[in-house]
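# Reading the structure
So the chains spell out like this:
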Amino acid sequence: MNIIYYTFIDNGITPDFIVKNQLRQNYINGISNTDRKHQSFAVWKLLEYATKLNFGTSFDYVEKNGKWETTNGKFYFSLSHSKNMAVVCISKDKNVGVDCELVSYKALKLEKYFGLIKTEFKSIYEKKKYLTRLWCKKESQIKSGLNLSGNYRFIKDNCDEYCVYSLPKDKIKIVYDDITYLCEITDNNNIKFDVLSE
């Protein structure tokens, strides 16, 4: 089973940006754009939370060819973030890929990469959602190395809507932190996530 964790980032809060993994810490420290730094920090803290919740411990990670993985190969994971959303997908037994994207006009610029689209759309917004889903699917395939179909959901946050796509197509459990966001950072620099729904 794939487990997907997601949260929304409050960029109005400035944490210390401290994570347990020194390689990832160096990566975060090297980011000059504040929004990107928040995104990278939030997605990593969400991974730390997910592994602690599912495995009772944290793991050590290395970066190989631009992809993060555990040093002891105990589980598989994929990370993604877009604007104010951070997403982590984990699996105990198979490679996974996840991508999230804000539904926006940017998707219309991607149409040329998908060839002729025969679908009729009721509105530009429906076309943006469709193209965003295709883009997320492609990103998930690249991250997982699997050329398969997957699961997707459209998730709203205030006036924004995001597409979350995960591979492989499998039974999934989605866990969302509805109230704490990135706001509640405890004294030991952990983010408090509450599991409210599945």
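Residues numbered from 1 in each chain as written. Predicted model: local features only at pLDDT ≥ 70, side-chain atom pairs only at ≥ 80, totals over all residues. Heavy atoms only, no water.

### Comments concerning the packing of aromatic side chains
Operational definition: Geometry of aromatic contacts follows a simple scheme: Phe, Tyr and Trp rings, the Trp one being its six-membered ring, pair when their centres are within 6.5 Å, and the pair is stacked under 30 degrees between planes, edge-to-face over 60, tilted otherwise. Secondary structure counts use DSSP, requiring at least four H or I residues in a row for a helix and at least two E residues in a row for a strand, with both numbered from the N terminus. Think of it in three bands: residues with accessible area under 20% of the maximum for their type are buried, residues over 50% are exposed, and the middle band is partly exposed, with areas taken using a 1.4 Å probe on protein chains only.
Evaluated as defined, the whole model comprises 15 aromatic pairs. Taking 5.7 Å as the distance between ring centres and 50° as the angle between the ring planes, the aromatic pair formed by F8 and Y162 counts as tilted. In this pair, F8 sits in strand β1 (residues 2-8) while Y162 sits in strand β8 (residues 160-167), placing the two residues 154 residues apart along the sequence. For the pair W44 and W68, a centre-to-centre distance of 5.1 Å together with 65° between the ring planes defines the contact as edge-to-face. Placement of the pair is W44 in helix α2 (residues 34-55) and W68 in strand β3 (residues 67-70), with a sequence separation of 24 residues. W68 gets classed as buried once you look at its relative accessible area, which sits at 9%. An aromatic cluster of at least three residues, connected via ring pairs, comprises W44, F55, F59, Y61, W68, F75 and F77.

### Points about the sheet that holds strand β6 (residues 97-102)
Put simply, the rule reads: Strand pairing is assigned whenever DSSP identifies at least 2 bridges connecting the two strands. Throughout, an axis means a line fitted to C-alpha atoms (over the contacting stretch in the case of helices), and angles, computed between N-to-C directions, take values from 0 to 180 degrees. Contact between two residues is taken to exist if any of their heavy atoms lie within 4.5 Å; hydrogens are not considered.
Strand order in the open sheet made by the 3 strands is β6-β8-β7, with antiparallel pairing throughout. At either margin of the open sheet sits one strand with a lone partner, and together these are β6 and β7 (151-157). Across the sheet, the mean angle separating the axes of adjacent strands is 20° when strand polarity is ignored. Sheet topology note: the β7/β8 ladder contains 7 bridges and is antiparallel. When the sheet's bridge partners are listed, K156 is paired in β8 with E161. On top of the sheet, helix α4 (residues 124-144) reaches β6, β7 and β8; it is set at about 150° to β6, its chief contact.

### Describing the pattern of salt bridges
Put simply, the rule reads: Note on definitions: salt bridges are taken to be side-chain nitrogens of Lys or Arg within 4 Å of carboxyl oxygens of Asp or Glu.
Summed over all chains, the structure comprises 7 salt bridges. Note that E161 and K129 form a salt bridge whose closest N and O atoms lie 3.5 Å from each other. Within this pair, whereas E161 is found in strand β8, its partner K129 is found in helix α4, the two being separated by 32 residues in sequence.

### Here's the deal with the layout of surface pockets
Definition in use: Any residue with an atom within 4 Å of a point lines the site, the site being either a cavity, points on a 1 Å grid over the protein atoms alone where a 1.4 Å probe fits but cannot get out, or a pocket, an open set with protein on both sides within 12 Å along at least 5 of 7 lines. Grid points are joined across faces, edges and corners, and a volume is the space filled by probe spheres set on the points. Residues are grouped as follows: nonpolar covers Ala, Val, Leu, Ile, Met, Phe, Trp, Tyr, Cys and Pro; charged covers Asp, Glu, Lys and Arg; every other residue, Gly included, is treated as polar.
Here the largest pocket is characterised by a volume of approximately 450 Å³. Around the largest pocket, the lining comprises 15 residues; the ones closest to its centre are G66, W68, L79, S80 and K143. Among the elements that line the lining of the largest pocket, the one with the most residues is strand β4 (residues 76-82), at 5 residues. Looking at the lining of the largest pocket, its residues break down into 4 nonpolar, 4 polar and 7 charged.

### Structural notes on empty space enclosed by the protein
Under the counting rule described, the total for this entry stands at 2 cavities of 30 Å³ or more. Every residue lining the largest cavity is listed: E101, L102, S104, K106, A107, L110, T132 and W135. Among the elements of the structure, β6, α3 (106-109) and α4 are those that each provide at least two residues to the lining of the largest cavity. Tallied by class, residues from the lining of the largest cavity come to 4 nonpolar, 2 polar and 2 charged.

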